[in-house]
Amino acid sequence: MMRRLSLLLIIVVLGLAEARGQNAVLRGFVTDRADGQPIQGVNVVLTDEGDAFLGSASSRDGVFAISGIPPGRYFLAASFIGYSTHRDTLVLEAGEIRPYNFALDITSGVLGDVLVEAENEGAGAAGVAAGIQSIRPRDIQLIPSPDLSGDLASYLATLPGVVSSGDQGGQLFIRGGEPTQNQVLLDGILIYQPFHLIGFYSAIPSAILNVSDVYAGGFGAKYGGRMSSVIDISTRNGNKQRFSGEFSAAPFISAGLLEGPLIKGKVSFLMSGRFDVIEEGAARIIDAQLPYAFNDQFIKVHAIASENTRISVTGLRSYDRGILGAQTAADADSIKNQVTWKNDAIGARYVMLPTNIPVEAEILVSLSTIENSFGPEATPSRHSRAREINASANVTHFNPGFDIEWGMYFKFNQLDSELSGLFQDLNDDTEFISNAGGYVQTEMPVIERDDMDLTVEPGLRLSSFPSKGRNFLEPRARLIFNYGMHQLSAAAGIYHQEFVGLSDRRDAGDVFTAWTSSPTGRVPQAIHFLGGYQINPWPWLTVALEGFYKDLEQLSVAEWTSFPRFTIRIQPATGTVRGADARIEVNAGPFYGFLNYGYSKVEYVAQQTEIEYWFGPGGYSYSPPHDRRHQANAVGSLNFGGFTLNVRWQYGSGLPFSEALGFDEFVLMDGPKDQFEEPGETRVLYAYPYGGRLPDYHRLDISAEYKVEFGAETALTVLASATNSYDRTNLFYIDLFTLERLDQLPFIPALGLKLEF
Amino acid sequence: MTINHSAVQPYPIIFAFLATLVLVGCDESVNPILETDRQFTLFGTLDMASDSQFVRVVAIRPTLTAPDQKLNAVFTSRQADTEETIQWTDSVYTFEDGTVGHIFYAPLRVLAGKTYLIKVKKPDNDLVTSAFTLIPHRLEPFVQIERVQRVITQVVARQTILWWSLEEDPYEVVQWYRFFTFDNYSFRDIALTHVPFSEASSSHEGFWDTTINLVRDRDSLLANYPEMFVRGYLAGLGITITVLDDRFKAPGGVFTSAALGQPGTLSNVTNGFGYVGAVGRFTAEWRLQDTTAMFLGYKILDNEAYPDIAARTWDAPIGSLVEEQ
């Protein structure tokens, strides 16, 4: 505790020292004049009449800060793609901390004349840097989908290393990690299960998105509590100048969004709602059983409380209900196999730039809940609920040459489960677990030259679970080296996950997830290493390569058994994930597209007691059901004659599954037996666990959009799309016991309309 | 170096990549049930103590559904030394839970130390599911003379039995006392299980022994069968040990479904699964010395007065054991 306090003191003293020193600090918010949105990636540059050159790029909240400015007269230029350059002349006094907020106007121009940093790192399909990729709404719009609202889930499924359960199930595995090992944050608020049962959709429509940073591994010390990946989503603020909105209708969902000022120029709201229309739409088009229902609602209120502070309140609800594997109308009505989940999340965020010290401070309070059930919704046979109350503070400390970020948090978790013996090792009970900790990380420029720069980002995170008597110290580090058109990046870190989601992965059709604290008594741990290379040989081409390795410890997997049982026991396992991605991004006039290929090998080594008898000492190594070895995605978008044509082709090699030699009855031969007394137990004569591979997956989706504008602010967009255009019969899963196969969605033609105003 | 940007176009790269990928991955069929030469699963034991043998035969099937009542199989056994071959008979048996199984049986008394080959095949198929099993070799007992000591007011009386060539604990040990009563002119066996045999037993190089606590046995019998001390006469006592064949061992030392359910675990079946084991049962029978018996409070028969009873002492089958209450 004393060490933490000391660290805090040092940082604060550093800040005060800066404030008292001879150098000045310039910081403020950059917004879009048209709607008041913060703009990320704006390059703010100060030059004097000599050679002095100081610069900074704005953050997600539009915050920029330039510190270490010697007193004097400066010319300020702030530029961003698509906006006119903002210019000003400033005279800064010694020791001054100058608040400076400004707005940019949209122009049809391209680049400003001064550029410190093109955009945030990791922007663009091939713009991956040390595991980070930023996804913007316009990226999502490139992905053909059967509706016009666009969705993050569709884009994520095109990333190499991201394995989706397909059109159904709502499960995403990122670089070998289980869905519950991914952390999804929406404006800093935890969303436990952000994906809908229909794989095209998440609970987060693209229309509310500002930017999403996907950390496929090697994430920094700011993030914790999950061991595989982080998807950090920031949402747009509502328009502070005028009311606007959009409505869309298509075979899967109807969506609506409204935004506008509550107090013009000061307070805005943004609300969105989407509701499935599967029964009336998609199910009729393809004449198949699609017993799914889902919806999501989002609301955000954002306020400019003062020149230096911003406050926002964000809320999200989502609901999913469905029966996976329904082949017949009777299956679709069989609610005993129905899975349901509900997300509720609400949070308040306060961002301030104190007048006396050169820091940006963020205070976040949030409440997140997931409820997951199996069986009839009113009387489920299994039920699990997880709830997290979070209070955290994040501070970015602007120092000359480098920034320091640090933060503290307190979380309170409640876990309830009624599992009807699904997991034989888990008792139905309620757990209350508190968790406190903090982190510090910095971005240190080691080399800064005109032709090259090297930045190192070391970090350290401390997590403490007093009720469990557990403390974790997690060092993290990232490195970015730029040399001309080349970029090298690397990241490494240690990660722990106290709360785990358990699913019966023996059955692809069972997506019920039970949340619990580490069931084997040991906390899952991962160690990540990754390294990448990126090059821009021509202006229209970016090529990126990235390799990664994850070492996984203390995993909980279903115990292997040859008997067809509805309950499972948990067994400990270790694992490794290794792989590499290659990405090519092309931006050539009216054409934009990208290709990517991902190789990944996920291996688990199960530690079940009996394994030694079956496969020898050392556990048995197998490929879990999400080990997709090869993946490729090709996405193209072409604008011509007012039309936008989007094409996506996805390929994934087959996923592992367990083959069998047949079935028999098993009699336990534990000595001389009276054979007339023992009927035996039906047994599956499995070959090696997960030794088989399902057929490869591939699909072509095409969409064409045409936008008709009525005046400056009203437009109608018409969409025609063909999902799974060549009607590939992609397998979702096959039931070993009935030999019935459940396929992914067939060819789906769709028409959609979107009205924007 | 000057690069002519217009000479490098993205489109050929894209189309070449797409064409390569489209050519792969066109097979969409899948069958989770692999083809196999394994036809049957066999469970059973060849038991030295039985004059008929029984083995369960389960057909390996490609679907989960229970097999129908027909099992088209020919089951034979052959003794390796004599090559005597016996064809077994199928019995379609309905278990208590209503399921049906095929239990093949044959009138056959298996011999210690002999190897038997089980073969099961379909009449229209040359593929044979088979299992070799070796009946345990005969074990010879050696009964030591009882040791009786008086320690102050207590009496200690013990007797040790050695089994040559047995170097590990047998699967089962049953100790019993045999009484004769004039009520119906018959023998009665009472089994004692209150002494865990492992407590008083130990393995040695070349033999295994167990020690009987005669005083504790007497106290137990007196408490539970007092009539035997009034109307009964101690005719003798004995131990029967059951041993399994050398390969009939649980992995990890404990027989559980979880461990043995994995196909291929504890299996001696070729082209199939399951286990056909062998069971040897060996008995040691003896009398206490008259002085010891009377010292412990038992009544004993005058063998000279009743020579016919004495002669029949060991004729009664041991199967009539009465479990201790």
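A. Highlighting the overall build of chain A. The helix and strand inventory of chain A stands at six helices and 46 strands. Compactness check: chain A gives a C-alpha radius of gyration of 27 Å against a globular reference of 27 Å for 757 residues, within 12% of the reference. Projected onto its principal axes, the C-alpha coordinates of chain A cover approximately 100 × 65 × 50 Å. Expressed as a percentage of its 757 residues, the buried residues of chain A come to 61%. Within chain A, counting contacts between residues at least 6 apart in sequence, those at least 24 apart form 65% of the total. With an accessible surface of roughly 27,800 Å², chain A has 57% of that area assigned to carbon and sulfur atoms. If you average the places of the 58 positive and of the 87 negative side-chain charges in chain A, the two averages end up 3 Å apart.

B. Region of interest: the overall build of chain B. A count of helical and extended segments in chain B gives five helices and 19 strands. Taking all 325 residues of chain B together, the buried fraction comes to 43%. Split by element, the accessible area of chain B, about 16,600 Å² in all, is 52% carbon and sulfur.

C. Geometry of the domain arrangement of chain B. The assigned domain composition of chain B is domain 1 (40-135) and domain 2 (141-242 + 280-323). The gap between the C-alpha centroids of domain 1 of chain B and domain 2 of chain B is 37 Å.

D. A look at the interface of chain A and chain B. The interface is formed by 60 residues belonging to chain A together with 65 residues belonging to chain B. Taking both partners together, chain A and chain B bury about 5,500 Å²; carbon and sulfur atoms supply 69% of that area. When residues of chain A are sorted by the area they lose upon contact with chain B, Leu661(A), Met669(A) and Phe676(A) head the list and together hold 13% of the total. Applying the counting criterion to the chain A and chain B interface returns one salt bridge. In this assembly, chain A and chain B are joined by 10 residue pairs in polar contact (both at pLDDT 80 or more). Broken down by secondary-structure element, the contributors of at least two residues to the side of chain A that touches chain B are β33 (570-588), β34 (591-606), α6 (611-615), β36 (630-640), β37 (643-652), β39 (660-666), β40 (681-686) and β44 (731-734) of chain A.

E. Highlighting the sheet that holds strand β17 (residues 269-270) of chain B. Residue and element names in this part refer to chain B. Across the sheet, which stays open at both edges, the five strands sit in the order β4-β3-β7-β8-β17 with antiparallel pairing between neighbours. Of all the strands in the sheet, the pair left with one neighbour each is β4 (85-87) and β17. Inspection of the sheet shows strand β7 (residues 115-121) paired to strand β8 (residues 128-134) by seven bridges, in the antiparallel sense. Across the sheet, residue Lys-121 finds its bridge partner in β8, namely Val-128.

F. Structural detail: the nonpolar core. Counting 72 residues, the largest nonpolar core has Ile198(A), Phe252(A), Ile278(A) and Leu290(A) as the members making the most contacts within it. Not counting chain neighbours up to four residues away, the residues in contact with Ile278(A) comprise Ile198(A), Pro251(A), Phe252(A), Ala283(A), Arg284(A), Leu290(A), Tyr292(A) and Phe294(A). Val57(B), Trp88(B), Phe179(B) and Val215(B) belong to the second largest nonpolar core, which has 53 residues in total.

G. Just the pattern of salt bridges, in detail. Within the structure shown, the criterion is met by 42 salt bridges over all chains. Across the pair Lys468(A) and Glu431(A) runs a salt bridge whose closest N-O atoms are separated by 3.5 Å. You can see Lys468(A) sitting in the loop between β26 (452-465) and β27 (470-483) and its partner Glu431(A) sitting in strand β25 (residues 430-448), a full 37 residues away along the chain. A residue is classified by how much of its surface remains accessible, and Glu431(A), at 19% relative accessible area, is buried. One salt bridge in this structure joins Glu227(B) and Arg188(B), with 3.5 Å as the shortest N-O distance. In this pair, Glu227(B) sits in the loop between α2 (214-224) and β16 (232-244) while Arg188(B) sits in strand β13 (residues 186-192), placing the two residues 39 residues apart along the sequence. Overall, Arg188(B) belongs to the partly exposed group, its relative accessible area being 27%. One network of salt bridges, with partners in common, ties together Arg175(A), Glu546(A), Asp581(A) and Arg583(A).

H. Just unusual backbone geometry, in detail. Residues and elements named next belong to chain A. The backbone of Ala-130 shows a phi angle near 50°, a positive value even though the residue is not glycine. Relative to the helices and strands, Ala-130 resides in the loop between β8 (102-104) and β9 (132-135). For Ala-130, a relative accessible area of 0% gives the class buried. Even without being a glycine, Gln-554 presents a positive backbone phi close to 60°.

I. Summary view of a negative patch on the surface. On the surface, Asp674(A), Glu677(A), Glu96(B) and Asp97(B) cluster together into a negatively charged patch. Looking at the secondary structure, you find Glu96(B) in the loop between β5 (89-94) and β6 (100-107).

J. Up close: the domain arrangement of chain A. All names here are of chain A. Under the domain assignment, chain A is made up of domain 1 (2-104) and domain 2 (132-655 + 694-756). A separation of 33 Å is found between the C-alpha centroids of domain 1 and domain 2. Contact residues are listed per partner, giving 30 residues for domain 1 and 35 residues for domain 2. Carbon and sulfur atoms supply 58% of the area that domain 1 and domain 2 bury against each other, a total of about 2,700 Å² over both sides. Put simply, Arg-60 and Asp-232 hold a salt bridge, and the shortest N to O gap is 3.2 Å. Taken together, domain 1 and domain 2 are joined by nine residue pairs in polar contact (both at pLDDT 80 or more). Mapped onto the side of domain 1 that touches domain 2, the elements with two or more residues apiece are α1 (2-20), β1 (24-32), β4 (63-69) and β7 (97-99). Examining the composition of the side of domain 1 that touches domain 2, we find that nine residues originate from one element, α1, more than from any other. Taken together, the residues of the side of domain 1 that touches domain 2 break down into 14 nonpolar, nine polar and seven charged.

K. The confidence of the model for chain A, seen in detail. This prediction gives chain A a mean pLDDT of 87; 92% of its residues lie at or above 70. Contacts of residues 109-121 of chain A to residues separated by more than four positions or lying in other chains number 35 contacts, the stretch itself having pLDDT below 50.

What counts, and at which threshold
- Residues numbered from 1 in each chain as written.
- Chains lettered and ligands numbered in written order.
- Predicted model: local features only at pLDDT ≥ 70, side-chain atom pairs only at ≥ 80, totals over all residues.
- Heavy atoms only, no water.
- Helix = DSSP H or I, 4+ residues; strand = E, 2+ residues; numbered from the N terminus.
- Rg over C-alpha atoms; globule rule 2.2 N^0.38 Å.
- Buried < 20%, exposed > 50% of the residue type's maximum accessible area, 1.4 Å probe, protein only.
- Contact = heavy atoms within 4.5 Å.
- Areas by Shrake-Rupley, 256 points an atom, 1.4 Å probe, with all protein chains shown as cover.
- Lys, Arg positive; Asp, Glu negative; His and termini not counted.
- Charge placed at Lys NZ, Arg CZ, Asp CG, Glu CD.
- Domains from an automatic or database assignment.
- Buried area = accessible area lost by both parts, 1.4 Å probe.
- Salt bridge = Lys/Arg side-chain N within 4 Å of Asp/Glu carboxyl O.
- Polar contact = N/O pair within 3.5 Å; in protein donor to acceptor, adjacent residues only side chain to side chain.
- Pairing = 2+ DSSP bridges.
- Core = buried A, V, L, I, M, F, W, Y, C linked by side-chain atoms within 4.5 Å.
- Patch = residues over 30% accessible without salt bridge, like charges linked within 9 Å, V, L, I, M, F, W, Y side chains within 5 Å.
- Nonpolar A, V, L, I, M, F, W, Y, C, P; charged D, E, K, R; others polar.
- pLDDT = per-residue confidence, 0-100.

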